[in-house]
Amino acid sequence: AFSFIHVKILQERIYRIILLKFFMQDNIVIGIVIVLVLVFGVPGLMKEILSRKLTNYLILGDYESFDHLINHKISSIILDPFNVDYMKLNKALIIKDKKEIDQSFDHFENCRLNNKQKLSVYYNGFYHYVSLNNVEKAKKYGNLLLKLPNSSENLKKEIKKYYKIIIDKSYEYLEEDLSKLE
């Protein structure tokens, strides 16, 4: 027969087992939360820090540090390949390295890009080649922009305007542009 003391000891053991299971489940939940933070939070934070550092190097004109960091293995692991190439393109545009700019735009032609990436690359290509009065390449990137479904109507209107001015040598928009300057 069980005495009162035996029942108390049995109750305490049952409470310990229940508490132990409860805390083990909590530890599992806490462990899962920690793993999720490490898997999803840390890479995003590292990506943000690396992007800021690279952008600051470009802003400050520290191209040697930029090149060292962008070509480091960690950059290719943390950043998307498009972002690495796009930052290299931006550096080439800033320092006006014509050969590197042309190589970068040629490289992007061979990459699979989503529409947002295409818009950004084609936009830079169009305005870069417009600034150089390179009609052939400006027209190429302008046409690509006109075909993109995510190009705004204002952008399409502006491209057509540049076509009239640069390619057709038209003065159609001269009065309108002069009035905007006043």
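Our structure's up above, just so we're on the same page.
This write-up is about the structure you can find in this document. Counting restarts for each chain, with residues numbered from 1 along the sequence as it is written. Given that this is a predicted model, residues contribute local features only at a pLDDT of at least 70 and side-chain atom pairs are listed and counted only at 80 or more, while totals for whole chains, interfaces and linings are drawn from all residues. Processing note: side-chain calculations cover all non-hydrogen atoms of the structure and skip hydrogens and water entirely.

1. Notes on the overall build of the protein chain
Selection rule: Only DSSP runs of H or I with at least four residues qualify as helices, and only runs of E with at least two residues qualify as strands; both kinds are numbered from the N terminus onward. Residue contacts are defined here by distance: any two heavy atoms, one from each residue, within 4.5 Å place the two residues in contact. Note on areas: Shrake-Rupley, 1.4 Å probe, and residue coverage restricted to the protein chains presented here.
In terms of regular secondary structure, the protein chain is built from nine helices and zero strands. Along the chain direction, N to C, the helices and strands of the protein chain fall in the order α-α-α-α-α-α-α-α-α. Within the protein chain, contacts between residues separated by at least 24 positions form 50% of all contacts whose residues are at least 6 apart in sequence. When the accessible surface of the protein chain is split by element, carbon and sulfur atoms take 60% of a total near 13,500 Å².

2. Here's the deal with unusual backbone geometry
Most peptide bonds take the trans form, and the phi angle of most residues other than glycine is negative. Note the threshold: Each residue's exposure class comes from its accessible area (1.4 Å probe, protein chains only) as a fraction of the maximum for that residue type: buried when under 20%, exposed when over 50%, partly exposed otherwise.
We note that Lys96 has phi near 60°; this positive angle belongs to a residue other than glycine. Among the secondary structure elements, Lys96 is positioned in the loop between helix H4 (81-95) and helix H5 (98-109). Take Lys96: its relative accessible area is 66%, and that puts it in the exposed class.

3. Thoughts on the side chain of His128
Counting through the fold element by element, His128 comes out in helix H6 (residues 115-131). His128 has contacts with Leu93, Ile101 and Phe105, leaving out every residue within four places of it along the chain.

4. Focus on the packing of H4 against H6
Keep this limit in mind: Every axis corresponds to a line fitted to the C-alpha atoms, with the helix fit spanning only the stretch in contact, and the corresponding angles, defined between N-to-C directions, vary from 0 to 180 degrees. In what follows, roughly perpendicular refers to angles from 65 to 115 degrees, roughly parallel to angles under 35, roughly antiparallel to angles over 145, and oblique to any angle outside these ranges. Should the near helix be turned anticlockwise from the far one by less than a right angle, the crossing is left-handed, and should it be turned clockwise, the crossing is right-handed. Throughout, the ten residues Ala, Val, Leu, Ile, Met, Phe, Trp, Tyr, Cys and Pro are labelled nonpolar, Asp, Glu, Lys and Arg are labelled charged, and all others, Gly among them, are labelled polar.
Across the interface, H4 lies against H6 with an axial gap of 12 Å and an inter-helix angle of 15°. Comparing their axes, H6 and H4 come out roughly parallel. For H4 against H6, the interelement crossing comes out left-handed. In contact with Phe82, Tyr86, Asn90 and Leu93 of H4, H6 contributes Gln117, Ser120, Val121, Asn124 and His128. The residue makeup of the contact of H4 with H6, split by class, is four nonpolar, five polar and no charged.

5. Points about the side chain of Ser75
The cut-off we apply is this: N or O atoms closer than or at 3.5 Å make up a polar contact, with two conditions inside protein: a donor-capable atom paired with an acceptor-capable one, and, for residues adjacent in sequence, both atoms drawn from side chains.
Here Ser75 shows up in helix H3 (residues 73-78). A distance of 2.5 Å separates the side chain of Ser75 from the backbone oxygen of Leu69, its partner in a polar contact. Not counting residues up to four positions away in its chain, the partners in contact with Ser75 are Leu50, Leu69, Ile70 and Val84.

6. Focus on the nonpolar core
Our working rule: What makes a nonpolar core is a set of buried Ala, Val, Leu, Ile, Met, Phe, Trp, Tyr and Cys residues whose side-chain atoms join them at distances within 4.5 Å.
By size, the foremost hydrophobic cluster in this structure holds 22 residues, and its most contacted members are Phe105, Phe108, Val121, Phe126 and Leu145. For this core, the secondary-structure elements that each account for two or more residues are H4, H5, H6, helix H7 (135-147) and helix H8 (153-167). Ranked by the residues each element gives to this core, the list is headed by H6, at six residues. Each residue touching Val121, except ones within four places of it in the same chain, is listed here: Phe82, Tyr86, Phe105, Phe108 and Leu113. One finds Leu58, Phe66, Ile78 and Leu79 within the second-largest nonpolar core, a separate group that totals 10 residues.

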